[in-house]
Amino acid sequence: MLYSALNEALTHLRSTDQAATTSASLLLSGIPENLAVGITLIDQPGLSITALAGSIFLANVPEAAGATKVLCQRGYTRRAIWLLWSTIIVLLGAAAVVGFLAFSSTDPFVLGYLRCFTAGAIVASLALDVFPRAFQTNHRLAGIATVLGLLLAVRVHAGVRACCARRRRQQQRPHQD
């Protein structure tokens, strides 16, 4: 709900400076995503973390590229654009570190709720920003692409879990020389 309220406020500002509000939107959606990355770091295999971080990065590249193009067209200097994106990257990286440090000693039961909360924020950002834009671009394929993306994510997750389980079993076997 917090994400939705802040996103609504940004929508009203979008008419004045679309590039700045797009940057703020990326930051707004990126904070829960990166908190989730930090929380995911707790007791998870590195491959899961890499897949999550990579998917978040790839999901944000088109929006960042579009905002950068608008910033260039509006006369922002390369230095100002570089400073803006560097600041966003540092803040989002800090969110991941905070997610890890603040919750690393948290009870696993509470971690489950925290993961659900951050996942809800990510789903809200998708529902409010990504899905409508995808529907505008190609309403016939938006639903199919969403389902295929979800199936791919489930498959990758299952593959990572199976790989990690196999690795654990191999490590538990006694070594024969």
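Summarised in this report is the structure supplied together with it. (Residues numbered from 1 in each chain as written. Predicted model: local features only at pLDDT ≥ 70, side-chain atom pairs only at ≥ 80, totals over all residues. Heavy atoms only, no water.)

Before going further, it helps to spend a moment on the overall build of the chain. Secondary structure summary: the chain contains six helices and zero strands in total. For the chain, the sequential pattern of α-helices and β-strands runs α-α-α-α-α-α. The buried share of the chain, taken over its 177 residues, is 27%. Counting contacts in the chain only where the partners sit at least 6 residues apart, residues at least 24 apart contribute 70% of the total. (Helix = DSSP H or I, 4+ residues; strand = E, 2+ residues; numbered from the N terminus. Buried < 20%, exposed > 50% of the residue type's maximum accessible area, 1.4 Å probe, protein only. Contact = heavy atoms within 4.5 Å.)

Quick look at the packing of aromatic side chains now. For the structure shown, the criterion picks out one aromatic pair. Where Phe109 meets Tyr113, the ring centres are 5.2 Å apart and the plane angle is 80 degrees; that geometry is what we call edge-to-face. Residue Phe109 and its partner Tyr113 are located together in helix H5 (residues 108-137), separated by four residues, close to a single helical turn. Of the residues examined, Phe109 reaches a relative accessible area of 57% and is grouped as exposed. Residue Tyr113 is classed as exposed on the basis of its relative accessible area of 55%. (Phe/Tyr/Trp six-rings, centres within 6.5 Å; stacked < 30°, edge-to-face > 60°.)

You can see Thr106 is positioned in the loop between helix H4 (78-103) and H5. A distance of 3.0 Å separates a polar atom in the side chain of Thr106 from the backbone oxygen of Phe103. Excluding residues that lie within four positions of it along the chain, Thr106 makes contacts with Leu111 and Leu114. (Polar contact = N/O pair within 3.5 Å; in protein donor to acceptor, adjacent residues only side chain to side chain.)

Together, Arg161, Arg166, Arg168, Arg169 and Arg173 make up a region of like positive charge exposed at the surface. Relative to the helices and strands, Arg166 resides in helix H6 (residues 139-172). Given the relative accessible area of 43%, Arg166 is considered partly exposed. (Patch = residues over 30% accessible without salt bridge, like charges linked within 9 Å, V, L, I, M, F, W, Y side chains within 5 Å. Areas by Shrake-Rupley, 256 points an atom, 1.4 Å probe, with all protein chains shown as cover. Salt bridge = Lys/Arg side-chain N within 4 Å of Asp/Glu carboxyl O. Lys, Arg positive; Asp, Glu negative; His and termini not counted. Charge placed at Lys NZ, Arg CZ, Asp CG, Glu CD.)

Attention now goes to H5. Each full turn of the α-helix corresponds to 3.6 residues, which orients residues three or four apart in the same direction. Look at H5: 41 Å from first C-alpha to last across 30 residues, which is about the 44 Å you get at 1.5 Å a residue. Along H5, the sharpest kink reaches roughly 40 degrees, centred on Ala127. The set of residues buried in H5 consists of Leu111, Thr118, Ala121, Ile122, Ala124, Ser125 and Asp129. Among the residues of H5, the N-terminal cap falls to Asp107, whose side-chain oxygen and the backbone nitrogen of Phe109 are separated by 2.9 Å. (Expected span 1.5 Å × (residues − 1). Bend = angle between axes of the 7 residues up to and from the residue.)

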